[in-house]
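Spelled out from the first residue to the last, the chains are:
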Amino acid sequence: MNIEEKDFEFMVDIMTRDLISLLMERHNMDMKSAFDIFYNSDTYAALNRPESGLYFQSPKYVYSILENELKTGKMG
């Protein structure tokens, strides 16, 4: 699937917003901590690569990948 850069960036931004909200809600953390954790994760790096396809998945699915990374130190 070929996606325009502006559309890709929009989808990543929306996904980031949703994942930050989930981190804050489920881990009872403040916004700065949630951003720090997410922006330093392999999940975030993968989300920013169009070929990963993560931008096209549901936020809860991508969150499950992030949760696994937080628990094990590895994306999965």
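Here, the structure is the one placed above.
Keep in mind that this is a model prediction, so the values were computed, not measured.

Colleague: Any chance you could break down the pattern of salt bridges for me, citing the residues and the numbers?
Modeller: Between side chains of opposite charge, a pair can form when the charged atoms approach closely. Under the counting rule described, the total for this entry stands at four salt bridges. Asp36 is the salt-bridge partner of Lys32, the closest N and O atoms lying 2.9 Å from each other. Of the two residues, Lys32 and Asp36 both sit in helix 2 (residues 31-39), four residues apart, roughly one turn of that helix. Here Lys71 and Glu67 are joined by a salt bridge, their closest N and O atoms 4.0 Å apart. Here Lys71 and its partner Glu67 are both found in helix 4 (residues 59-72), four residues apart, which amounts to about one turn of the helix. On the basis of relative accessibility, which here comes to 68%, the residue Lys71 falls in the exposed class.

Colleague: Please provide a residue-by-residue account of the nonpolar core, values included.
Modeller: Within the largest apolar cluster, 18 residues are counted, with the highest numbers of intra-cluster contacts made by Leu19, Leu23, Phe38, Leu47, Leu54 and Tyr63. Broken down by secondary-structure element, the contributors of at least two residues to this core are helix 1 (5-27), helix 2, helix 3 (42-47) and helix 4. A total of seven residues in this core trace back to one element, the largest contributor, which is helix 1. If we ignore the near neighbours within four places in the chain, the residues touching Tyr63 are Leu19, Leu22, Leu23, Arg26 and His27.

Rules and cut-offs
As a convention, each chain's residues are numbered from 1 in the sequence order in which they are written. In view of the model being predicted, local features appear only for residues whose pLDDT reaches at least 70, and side-chain atom pairs are presented and counted only at 80 or more, with totals across whole chains, interfaces and linings using the full set of residues. Each side-chain value is worked out from all heavy atoms of the structure, with water and hydrogens disregarded. Take a side-chain nitrogen of Lys or Arg and a carboxyl oxygen of Asp or Glu: if they are within 4 Å of each other, that pair is a salt bridge. Secondary structure elements follow DSSP: runs of H or I of four or more residues count as helices, runs of E of two or more count as strands, with numbering from the N terminus. Throughout, exposure labels follow a simple rule: accessible area from a 1.4 Å probe, protein chains only, divided by the maximum for the residue type, with under 20% read as buried, over 50% as exposed, and the rest as partly exposed. Buried residues of nine kinds, namely Ala, Val, Leu, Ile, Met, Phe, Trp, Tyr and Cys, make up a nonpolar core once their side-chain atoms join them within 4.5 Å. By definition in these notes, contact holds between two residues if any of their heavy atoms fall within 4.5 Å.

Note that every value here comes from positions in space, so none of it alone points to a role or purpose.
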